[in-house]
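# Structure assessment
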Amino acid sequence: MEEKQTVIRVKNLYKIYRVGENKVRALNGVDFEIKKGEFCAIVGTSGSGKSTLLNMLAGLEKPTKGEIIIAGEHMEQKNENQLVKFRREHIGFIFQSFNLLATMNALENVALPLTFQGMDKQKRLKRADKMLELVGLGKHKKHRPSQMSGGQQQRVGIARALVVRPEIIFADEPTGNLDSNTSREVMELIQTIVHEQNQTLVMVTHDDHLAGFADRIFRIIDGKIISIQTREEYQNEQNKA
Ligand SMILES: Nc1ncnc2c1ncn2[C@@H]1O[C@H](COP(=O)(O)OP(=O)(O)OP(=O)(O)O)[C@@H](O)[C@H]1O
Ligand SMILES: [Mg+2]
């Protein structure tokens, strides 16, 4: 069998914030690798460094020290313009807040990222239409955000993130604003789509249950990864607790 390709490699990563006289070690020496097509969850309590790590991976912040290699390219060596281009070509984001445009309906919101790729209108709407069907919103295409539930809005947000078919998706508490049943449904949806499209997903969450949807679970405490488990190992441990 062919070895799976490594798409994300983090080496000896540190992020130290200075607050007045104090130093906060938000990331305190992090190392890991993620393969193409993997769904990895980074789980940890509030303040453990999850968002900091995700922001570093996405090149939204510069590390204090260390290396981040994504799709063979060193993120920490890129300038702002190069990072913008890299993100546009390789990365999709799913945020906790849906960030949908209020004046646009679901279809227009999902089609929007494709305009930045210079795709013509007919093609854009067709691709967005398919994506909305995939997330189960075929009947809500003409609804504006205010005319949808929280879970439906989050599904529009997911459709918008995935419509450009990014190789790598970063998600920060993607179901943070949803009730637990809707969260589970949305997680199953994300899991199914990324596996089908062979995309790599890195999700951060403080929720142990949602982390259990991932193929591998990284536990972070005080800026350090203290364990990496497969879903099976993780669930066995959860069942014992
Ligand atoms: N810009 C900043 N300046 C100073 N300290 C910061 C900054 N951003 C984050 N920190 C600190 O770094 C640590 C990690 O923060 P981070 O936002 O990564 O946590 P988190 O795991 O995402 O938490 P949450 O679950 O609450 O979102 C915290 O102690 C936080 O106070
Ligand atoms: Mg956070």
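The preceding data block contains the structure.
Since the structure is predicted, the reported quantities are computational estimates derived from the model, not experimental observations.

Before going further, it helps to spend a moment on the site of ligand 1. Within the structure, ligand 1 sits among Tyr17, Val19, Val24, Ala26, Thr45, Ser46, Gly47, Ser48, Gly49, Lys50, Ser51 and Thr52. Between an oxygen atom of ligand 1 and a main-chain N or O atom of Gly47, the distance comes to 2.8 Å. Thr52 has a polar side-chain atom sitting 2.5 Å from an oxygen atom of ligand 1. Looking at the shell around ligand 1, the elements with two or more residues in it are β1 (6-19), β2 (22-35) and α1 (50-57). The element best represented in the shell around ligand 1 is α1, accounting for three residues. Looking at the shell around ligand 1, its residues break down into four nonpolar, seven polar and one charged.

Right, let's get into the layout of surface pockets. Considering only enclosed or pocket space, the largest pocket measures out at about 580 Å³ in volume. In terms of lining residues, the largest pocket is bounded by 21 residues, among which Ile91, Gly92, Phe93, Pro113 and Phe116 are the most central. Looking at the lining of the largest pocket, the elements with two or more residues in it are α2 (80-90), β6 (91-94), α3 (106-115) and α5 (150-162). Here the lining of the largest pocket is built from residues that sort into 12 nonpolar, six polar and three charged. Space inside the second largest pocket adds up to approximately 180 Å³. Around the second largest pocket, the lining residues are Met104, Asn105, Leu107, Glu108, Ala111, Leu112, Thr115, Lys121, Arg124, Leu125 and Lys142. Of all the secondary-structure elements, those providing two or more residues to the lining of the second largest pocket are α3 and α4 (121-134). Counting residues per element, the lining of the second largest pocket draws most heavily on α3, which supplies five residues.

To continue, consider the environment of Glu61. Looking at the element boundaries, Glu61 is found in the loop between α1 and β4 (65-70). A relative accessible area of 26% places Glu61 in the partly exposed class. On a C-alpha basis, the gap between Glu61 and Cys40 in space is 21 Å, while along the polypeptide they are 21 residues apart. If sequence neighbours within four positions are ignored, Glu61 has contacts with Lys15, Tyr17, Asn55 and Met56. Among the polar contacts made by the side chain of Glu61, one reaches the side chain of Asn55 at a distance of 3.3 Å.

Criteria and thresholds
- Residues numbered from 1 in each chain as written.
- Chains lettered and ligands numbered in written order.
- Predicted model: local features only at pLDDT ≥ 70, side-chain atom pairs only at ≥ 80, totals over all residues.
- Heavy atoms only, no water.
- Near = heavy atom within 4 Å.
- Polar contact = N/O pair within 3.5 Å; in protein donor to acceptor, adjacent residues only side chain to side chain.
- Helix = DSSP H or I, 4+ residues; strand = E, 2+ residues; numbered from the N terminus.
- Nonpolar A, V, L, I, M, F, W, Y, C, P; charged D, E, K, R; others polar.
- 1 Å grid on protein atoms, 1.4 Å probe; cavity = no way out; pocket = protein on both sides within 12 Å on 5 of 7 lines; lining within 4 Å.
- Points joined across faces, edges and corners; volume = space filled by probe spheres on them.
- Buried < 20%, exposed > 50% of the residue type's maximum accessible area, 1.4 Å probe, protein only.
- Contact = heavy atoms within 4.5 Å.

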